[in-house]
Amino acid sequence: MIVDLHNHTFLCNHAEGIPTEYIEEAIKRGIAVFGFSDHNPMEFDPKYRMKFEEISTYFNLIDEVAEKYRGKIEILKGFEVDYIPQYLDSRVLENSSIDYLIGSIHFLDGWGFDNPEFIGEYQNRDIDSIWVEYFSKVEEMANSKLFQIVGHIDLIKVFKFLPKKLDIRDLVEKPLQAIKRSNMAVELNGAGYRKPIGELYPSREILEMVYEMDIPITIGSDAHSPKQVGLFLDRTIKEAKEIGFDEVAIFRKREMEMVKI
Ligand SMILES: [Zn+2]
Ligand SMILES: [Zn+2]
């Protein structure tokens, strides 16, 4: 069964395409379970996300396509939530329509480290310290137990600025233990293939640890346009199978179910 739980729509203001266009593409690619995961509304960084008032529009649009394509594809409702504790909001976290929340780190103290606009900031910092800070946020996010899925767990590698002295396995050990304790799934996110790093999130070495620790995985293409739906899913599934995974997690009303891949 092909699953893709990470997809954005025009409502994010930096993605394009309406839900019907995403679903048409998903059906073409043989996706059986498809999830929308627009960025959460919040008072920080508002131009890259929907407004709180648009949450109902978002859910209505999803309900419409779910009805239209009933029997052809299962459609789930999610948000990709920036884990910034002071901006978390119950209108997202406690929303009863939600099937799952993806917890992601895109900011370190307000710095959007994965945004090419702010890439210059890497020159001002020590790369090893950035990696330590990033993974401590991932650990804190997992410990919050607010989310079902960890989004692109090693996003910090996006521009290929890798740690100089530190071993990535050491950095990720405690975050993975927290993820396991919180019963979360780690997302295999194919967007990494189309970024400077040119590989899956997570890297092979992290994915092997995930497997050894018996942590569930799920899959997302992180599409920001209909043409990116399912992009690199073949490669993503191949990597998962090479390591030994034969099932992935989906979530309905925040309850995990494992399905065969
Ligand atoms: Zn985005
Ligand atoms: Zn993201």
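The structure under discussion appears in the preceding block.
Let me sum up the structure you'll find in this document. (Residues numbered from 1 in each chain as written. Chains lettered and ligands numbered in written order. Predicted model: local features only at pLDDT ≥ 70, side-chain atom pairs only at ≥ 80, totals over all residues. Heavy atoms only, no water.)

So, the pattern of salt bridges
Which entries qualify depends on this criterion: Salt bridge, as used here: a side-chain nitrogen of Lys or Arg that lies within 4 Å of a carboxyl oxygen of Asp or Glu. Under the scheme used here, helices are H or I runs from DSSP no shorter than 4 residues and strands are E runs no shorter than 2 residues, and both carry numbers assigned from the N terminus. For every residue, the accessible area obtained with a 1.4 Å probe (protein chains only) is divided by the maximum for its type, and the residue is called buried under 20%, exposed over 50%, and partly exposed between those limits.
Across all of its chains, the model carries 18 salt bridges by this definition. We note a salt bridge from K28 to E25, for which the minimum N-O separation is 3.6 Å. With K28 and E25 both in helix α1 (residues 19–28), this residue pair falls three residues apart, about one helical turn. Overall, K28 belongs to the exposed group, its relative accessible area being 66%. The class of E25 is buried, set by a relative accessible area of 18%.

Topic: the nonpolar core
Note the cut-off: Residues belong to a common nonpolar core when they are buried Ala, Val, Leu, Ile, Met, Phe, Trp, Tyr or Cys residues joined through side-chain atoms within 4.5 Å. By definition in these notes, contact holds between two residues if any of their heavy atoms fall within 4.5 Å.
Residues F79, L176 and I179 are the most contacted members of the largest nonpolar core, which totals 88 residues. If sequence neighbours within four positions are ignored, I179 has contacts with V138, A142, V150, I153, M184, V186 and I215.

Things to note about the coordination of the zinc ion (ligand 1)
This is how the line gets drawn: For Na, K and Ca the donor cutoff is 3.2 Å, while for all other metals N, O and S atoms must lie within 2.8 Å; water is not among the atoms, so some sites may look incomplete.
On the protein side, the zinc ion (ligand 1) has H14 (NE2), H39 (NE2) and H224 (NE2) as donor atoms, found 2.0 to 2.1 Å from it. For the zinc ion (ligand 1), the donor residues sit on a single chain with the sequence spacing H-x24-H-x184-H. The distance between the zinc ion (ligand 1) and the zinc ion (ligand 2) comes to 5.5 Å. Of this pair, H14 sits in the loop between β1 (2–4) and α1 while H224 sits in the loop between β9 (217–220) and α7 (233–243), and the two are 210 residues apart along the sequence.

Some points on the pairing of strand β8 (residues 185–189)
To be explicit about the condition: For two strands to be treated as a pair, DSSP must find at least two bridges joining them. Call a crossover right-handed when, viewed with both strands pointing away from you, the route from the first strand across the helix to the second goes clockwise.
Within β8, five of the five residues are buried, which leaves the element mostly enclosed by the surrounding structure. Residues A185, E187 and N189 of β8 are buried on one face, and the alternating residues V186 and L188, pointing to the opposite face, are buried as well. Where strand β7 (residues 149–150) and β8 come together, two bridges link them in parallel fashion. The residue bridging V150 from the neighbouring strand is V186, located in β8. Read from β7 through helix α5 (residues 168–181) to β8, the crossover connection turns out right-handed. As judged from the four bridges shared by β8 and β9, these two strands associate in the parallel manner. Bridge assignment links E187 to a residue of β9, and that residue is T218. Between the parallel pair β8 and β9, the chain is carried across by helix α6 (residues 204–212), and the sense of this crossover is right-handed.

No statement about biological role is implied by the geometric values presented.
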